[in-house]
Amino acid sequence: MASKLTPKLITCLILPSCFLILFYSSFPPFIPQPPSSETPILPSAPCNLFEGRWVLDPTRKPMYDSTCPFHRNAWNCIKNQRDNMARINSWKWMPRGCDLDRVDPAGFLDLMRNKNIGFVGDSLNENFLVSLLCVLRVGDPGAKKWKRKGAWRGAYFPKFNVTVAYHRAVLLARYEWQTKQPGFSGQDGVKGIYRVDVDIPANDWANISDFYDVLVFNTGHWWGPDKFPKETPLVFFRDGQPIHPYLELMDGLKVVVKNMVAHIEKAFPKKVLKFWRLQSPRHFYGGDWNQNGSCLFDEPLKESELDLWFDPANNGTNREARRVNEVIGDMLKGTSIRPLDLSRLSEWRADAHPAVWLGKKDAVAVWGQDCMHWCLPGVPDTWLDILAQLITYNLASI
């Protein structure tokens, strides 16, 4: 039989319900609100910034000039009166399917406040560094030259407590000159060797793992017979002993990069943002640097010319960049080191090297034209725009 509700029980049920209704009706209804404008919103993942085309933009101007105190004279193409500098700096890189913003010097320094950026590698990374220092000085004119902790050169930005520096280590691994050793086989005609310890980082960057928050590594341009001919070859050592059979240059590069990548993964904290800048190509035409090679160009190359210049299958003067990139790319797979592939966008720019405008009398007679490094301001400023965008995205995602 169904139970009956007594007046007392009804009162006990209804009164609390009425109280709850009155209590909650005093609050405004809950409506999901959009995020506050003060809530940090992560930037969209960048598209492939490395693929695209150069577009002429007459309104585009450099952020700095010949008076930047961090210039290296041979790359200061405005001061050295290089032809066509206005046009060289009027080309804008347009990634396919997205925009590449120019770096905001003060905004980027603010993002990097109390952090440090390091470059480790050869003079192409120094070329990159000078671009970064001159651009960032726009955001902090009080920047001062800095050289400590084994750094080759750098700058300190006091307004933001940021240090940016370069550690010269052209092979990344430690290497040193040794005179001809008795009993060392295969030394006919050899004056001495450059010993490379494939498992030991160069002293210049061996002790920096606790200092930098962002690092950009590179190597490549020294891995050629012009730097280490048969009379003074590279000889590779592991665990203090020569590697047998003796390694040719490209095989030596593979072993060194493999070991240096392993060292970076082990020695540097996971929170450190690590990039490896792939090769920026040379543009010698008509011969190599010591064979009257030239780069007196007024325009970027055409897309149809790129493979003719740089594909190793064509055995051209500038073929080594893609070969080195292939080796390095393979070694970076599965690691925390991000490839910074600036090669393709740089391949077009045969017009943007110092060439004969080197700022020093007889420099061309002694060293030949410089068709390897880049005028500043110039193409490395675009490298910087890409690096800054990637750093911004990755730091915001942490």
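The structure we're discussing is the one just above.
Residues numbered from 1 in each chain as written. Predicted model: local features only at pLDDT ≥ 70, side-chain atom pairs only at ≥ 80, totals over all residues. Heavy atoms only, no water.

Before we move on, could you go through the side chain of K274 and cite the residues and values that matter?
Mapping K274 onto the fold places it in strand β12 (residues 273-277). Of the polar contacts made by the side chain of K274, one reaches the backbone oxygen of V272; its length is 3.0 Å. (Helix = DSSP H or I, 4+ residues; strand = E, 2+ residues; numbered from the N terminus. Polar contact = N/O pair within 3.5 Å; in protein donor to acceptor, adjacent residues only side chain to side chain.)

Before we move on, can you summarise the sheet that holds strand β10 (residues 234-238) with the specific residues and values?
One open sheet holds the four strands; their spatial order is β7-β8-β10-β11, and the pairing between them is mixed. The open sheet has two edge strands with one neighbour each: β7 (173-179) and β11 (241-242). Summarising the sheet, β7 and strand β8 (residues 192-201) pair through seven bridges and their orientation is antiparallel. Looking across to β8, one finds that T179 is bridged to G192. This element, helix α5 (residues 249-267), spans β7, β8 and β10 of the sheet and lies at about 30 degrees to β8. (Pairing = 2+ DSSP bridges. Contact = heavy atoms within 4.5 Å. Axes fitted to C-alpha atoms, helices over the stretch in contact; angles between N-to-C directions.)

Which residues make up the nonpolar core, and what values go with them?
In terms of nonpolar packing, the biggest core is built from 68 residues, with F119, F157, V164, F275, L340, I386 and I391 touching the most fellow members. Not counting residues up to four positions away in its chain, the partners in contact with I391 are F108, L111, M112, V214, L273 and F275. (Core = buried A, V, L, I, M, F, W, Y, C linked by side-chain atoms within 4.5 Å. Buried < 20%, exposed > 50% of the residue type's maximum accessible area, 1.4 Å probe, protein only.)

Talk me through the layout of surface pockets; I want residue IDs and the actual numbers.
The space that makes up the largest pocket amounts to roughly 1200 Å³. Lining the largest pocket are 41 residues, and of these D226, K227, W289, M372 and H373 lie nearest its centre. Taken together, the elements giving at least two residues each to the lining of the largest pocket come down to α4 (123-139), α5, α7 (320-332) and α9 (363-367). In terms of residue count, the dominant contributor to the lining of the largest pocket is α9 (three residues). Counted by class, the lining of the largest pocket contains 16 nonpolar, eleven polar and 14 charged residues. (1 Å grid on protein atoms, 1.4 Å probe; cavity = no way out; pocket = protein on both sides within 12 Å on 5 of 7 lines; lining within 4 Å. Points joined across faces, edges and corners; volume = space filled by probe spheres on them. Nonpolar A, V, L, I, M, F, W, Y, C, P; charged D, E, K, R; others polar.)

Talk me through a nonpolar patch on the surface; I want residue IDs and the actual numbers.
Side chains of L296, V356 and V364 sit close together on the surface and give an oily, nonpolar patch of about 210 Å² of accessible area. Judged by relative accessible area, V364 falls into the partly exposed class, the value being 32%. (Patch = residues over 30% accessible without salt bridge, like charges linked within 9 Å, V, L, I, M, F, W, Y side chains within 5 Å. Areas by Shrake-Rupley, 256 points an atom, 1.4 Å probe, with all protein chains shown as cover. Salt bridge = Lys/Arg side-chain N within 4 Å of Asp/Glu carboxyl O.)

On their own, these measurements won't tell you what the molecule is for.
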